[in-house]
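Reading the structure
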Amino acid sequence: MSVIIPVAGGKGGVGKSVLSLNLSVALASQCKQTILCDLDFGGANLHTMLGLKNNQNGLGHYINKLVSDIPSLVQSTGIPNLHFIAGDCLFPGVANMDFFTKQKIIRELQKLECDYLILDLGAGSTHNVVDFFLVVDNGIIVVTPEITSILNAYSFLKSVVYRFCYRQFAPKSAGRQILHNSILQRLEGKDFSFHQIMQVIETTLPGEGYECLKGMQQLKPRIIMNMGRNIQNSEMGKRLQQLAQNKLSIDLDFIGYLPYDECIQYSIAQRQPAAVLYPQSLFAQSLIPVSKRIISAQTTASRLHDAPEDFDDIVKEFYSQHGN
Ligand SMILES: Nc1ncnc2c1ncn2[C@@H]1O[C@H](COP(=O)(O)OP(=O)(O)OP(=O)(O)O)[C@@H](O)[C@H]1O
Ligand SMILES: [Mg+2]
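Residues numbered from 1 in each chain as written. Chains lettered and ligands numbered in written order. Predicted model: local features only at pLDDT ≥ 70, side-chain atom pairs only at ≥ 80, totals over all residues. Heavy atoms only, no water.

**Things to note about the pattern of salt bridges**
This is how it is decided: Salt bridge, as applied in this entry: a Lys or Arg side-chain nitrogen positioned within 4 Å of an Asp or Glu carboxyl oxygen. Each helix is a run of H or I in the DSSP string that is no shorter than four residues. Each strand is a run of E no shorter than two, and both are numbered from the N terminus. Using a 1.4 Å probe on the protein chains alone, a residue whose accessible area is under 20% of its type maximum counts as buried, one over 50% counts as exposed, and one in between counts as partly exposed.
By the definition in use, this model includes 8 salt bridges. A salt bridge links Lys214 to Glu211; the nearest nitrogen and oxygen atoms lie 3.9 Å apart. Of this pair, Lys214 and Glu211 both sit in helix H9 (residues 208-217), 3 residues apart, which is roughly one turn of that helix. Here Asp312 makes a salt bridge to Lys316, at a shortest N to O gap of 3.4 Å. Of this pair, Asp312 and Lys316 are both found in helix H14 (residues 311-322), 4 residues apart, which corresponds to roughly one turn of the helix. Note on Asp312: relative accessible area 17%, which makes it buried. Residue Lys316 is classed as partly exposed on the basis of its relative accessible area, which comes to 45%. Each of the salt bridges in this network shares a partner with another, and the network as a whole consists of Lys102, Asp131, Arg163 and Arg167.

So this is what it looks like as structure tokens:
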């Protein structure tokens, strides 16, 4: 079975696709069989970044029942160990697929034979994006050091935690109802933390609130800051970490800091990944420790006992090596 890594971000244009693509190249170059899958329905563009024509079957064909299995969609990229599954292939309406189709895609993706399966997700916090993100408990969220990106990432995380808790309770159960009502009250300005909501559930349904809280501790989204500009950027990361802890009762694991680097624009214009065209660039070099961290997280005995990386340390280390 493969290690699945969904890549989301809440906000558009923060570098989800650039990261998904170049991280896949970095993993492939370390001899890991990697499949990069374009799940940004309505905004699929990885084929362009890979220099591939958009005339092969992709998930759009599967969703429209023109092909019956997902393994047949895997195409080669010309890059050793890196394979690709195209997205909507210009079929309209694919992003609005029903629940059962989404579940079927998830089950099929989980069966794919490879070491790493990278899922490039669309912007926003729709159920479909959140459900693909929740295929694992440690998906990657890409942020930039801008307040809009940080707030959108927080919104996305809130949707993730809500959806996670919602699925812990049976349909039409009292637990689901209390959760739903608390969120509605939140919208009216009473800003309960998820911890407080679970305490309310616990009072009414002993055992169930704490059980859900226990489940939430398994959620450990990983954060990568992209388009970094200076050492002060660590403040933005800390802000997101505090919001997640105080309001959502979850810990975030910062795993990387990638600089703003013009080689990205050049590589997109040349339709090849930066990690292939400019392996010595600051961006490609900064991605290597991230990919190593990802590989070692899977090989250490228990990820849950690892201390989360300190974002400040990651940013300081970057600037001590590369200057400000
Ligand atoms: N580290 C970087 N340095 C410089 N430019 C970057 C970097 N990362 C991304 N970009 C620029 O940002 C643009 C958007 O990146 P990308 O398409 O990966 O974002 P996205 O989050 O996938 O967007 P969407 O939500 O539209 O799918 C790229 O076209 C590129 O020009
Ligand atoms: Mg994208």
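Having put the structure on the table, let's press on.
**Structural notes on helix H8 (residues 194-204)**
One turn of an α-helix holds 3.6 residues; hence residues three or four places apart share an orientation. Stated formally: Working note: the arc is built from the helix axis to C-beta atom directions.
Of the residues making up H8, those classed as buried are Phe194, Ile197, Met198, Ile201 and Glu202. Down the axis, H8 shows its buried residues gathered within 145° of arc, on one side only.

**Here we look at the site of ligand 1**
Note the threshold: Residues are classed as near a molecule or strand on a simple rule: at least one heavy atom within 4 Å of it. Polar contact is defined as a pair of N or O atoms within 3.5 Å, subject to the rule that within protein one atom must be able to donate a hydrogen and the other to accept it, and that residues adjacent in sequence are counted only when both atoms are side-chain atoms. By the convention adopted, Pro, Cys, Tyr, Trp, Phe, Met, Ile, Leu, Val and Ala count as nonpolar, Lys, Arg, Asp and Glu as charged, and the other residues, Gly among them, as polar.
Surveying the vicinity of ligand 1 reveals 19 residues, the closest of which are Lys16, Val18, Asn226, Asp261 and Gln265. The backbone of Gly13 places a nitrogen or oxygen atom 2.9 Å from an oxygen atom of ligand 1. Here Val18 contributes a backbone N or O atom positioned 2.8 Å from an oxygen atom of ligand 1. Where the shell around ligand 1 is concerned, the elements lending two or more residues are helix H1 (16-29), strand E7 (222-228) and helix H11 (263-269). For the shell around ligand 1, a count of residues per class yields 10 nonpolar, 6 polar and 3 charged.

**Examining the confidence of the model for the protein**
Low pLDDT marks regions whose predicted coordinates should not be analysed in detail. This is how it is decided: The pLDDT score gives, residue by residue, the confidence of the prediction method on a 0 to 100 scale. Should any heavy atoms of two residues lie within 4.5 Å, those residues are counted as being in contact.
Summing up the model confidence of the protein, the mean pLDDT is 92 and the portion of residues at 70 or higher is 94%. For residues 300-305, every residue scores under 50 in pLDDT, and the model assigns this stretch 6 contacts once sequence neighbours within four places are set aside.

**Observations regarding the packing of helix H6 (residues 147-168) against H9**
For clarity, the threshold we go by: Simply put, an axis is a line fit to the C-alpha atoms, just over the touching stretch for a helix, and the angle between two N-to-C directions goes from 0 to 180 degrees. Each angle receives one of four descriptions, namely roughly parallel if under 35 degrees, roughly antiparallel if over 145, roughly perpendicular if within 65 to 115, and oblique otherwise. Each crossing gets its handedness from the near helix: less than a right angle anticlockwise from the far helix is left-handed, clockwise is right-handed.
Relative orientation of the contacting elements H6 and H9 amounts to 135°, with a least axis distance of 10 Å. Comparing the axis directions of H6 and H9 gives the class oblique. As for the relative orientation of H6 and H9, their crossing is right-handed in sense. Facing Val161, Phe164, Cys165 and Gln168 of H6, the residues of H9 in contact are Cys212, Gly215 and Met216. A class-by-class count of the residues in the contact of H6 with H9 yields 5 nonpolar, 2 polar and no charged.

**Digging into the sheet that holds strand E1 (residues 3-8)**
The line we're drawing: Any two strands between which DSSP finds at least two bridges are classified as paired.
The strand order across the open sheet formed by 8 strands is E3-E4-E2-E5-E1-E6-E7-E8, and the pairing between neighbours is mixed. Of all the strands in the sheet, the pair left with one neighbour each is strand E3 (75-76) and strand E8 (253-259). As judged from the 5 bridges shared by E1 and strand E5 (residues 116-121), these two strands associate in the parallel manner. Bridge assignment links Ile5 to a residue of E5, and that residue is Ile118.

**Let's talk about the packing of aromatic side chains**
As a reminder, the rule being used: Only the six-membered ring of Trp is used, alongside the rings of Phe and Tyr, when aromatic pairs are assigned; centres must lie within 6.5 Å, and planes under 30 degrees apart are stacked while those over 60 apart are edge-to-face, with the rest tilted. A ring is scored as having a charge over it whenever the NZ atom of a lysine or the CZ atom of an arginine sits within 6 Å of its centre and within 35 degrees of its normal.
A complete count under the given rule lists 8 aromatic pairs for this structure. A centroid spacing of 5.8 Å and a plane angle of 40° characterise the contact between Tyr162 and Tyr166, whose relative ring orientation is tilted. Separated by 4 residues within a single helix, Tyr162 and Tyr166 lie in helix H6, roughly one turn from each other. One cation-aromatic arrangement involves Arg176 over Tyr166; the distance from NZ or CZ to the ring centre is 3.9 Å. Its end group placed over the ring of Tyr260, Arg229 keeps NZ or CZ at 3.9 Å from the ring centre.

**With respect to unusual backbone geometry**
Backbone geometry places Met227, a non-glycine residue, at a positive phi of 60°. You can see Met227 is positioned in strand E7. Backbone geometry at Arg271 places phi at a positive 55°, although glycine is not the residue there. Examined against the element boundaries, Arg271 turns out to sit in the loop between H11 and helix H12 (274-277).

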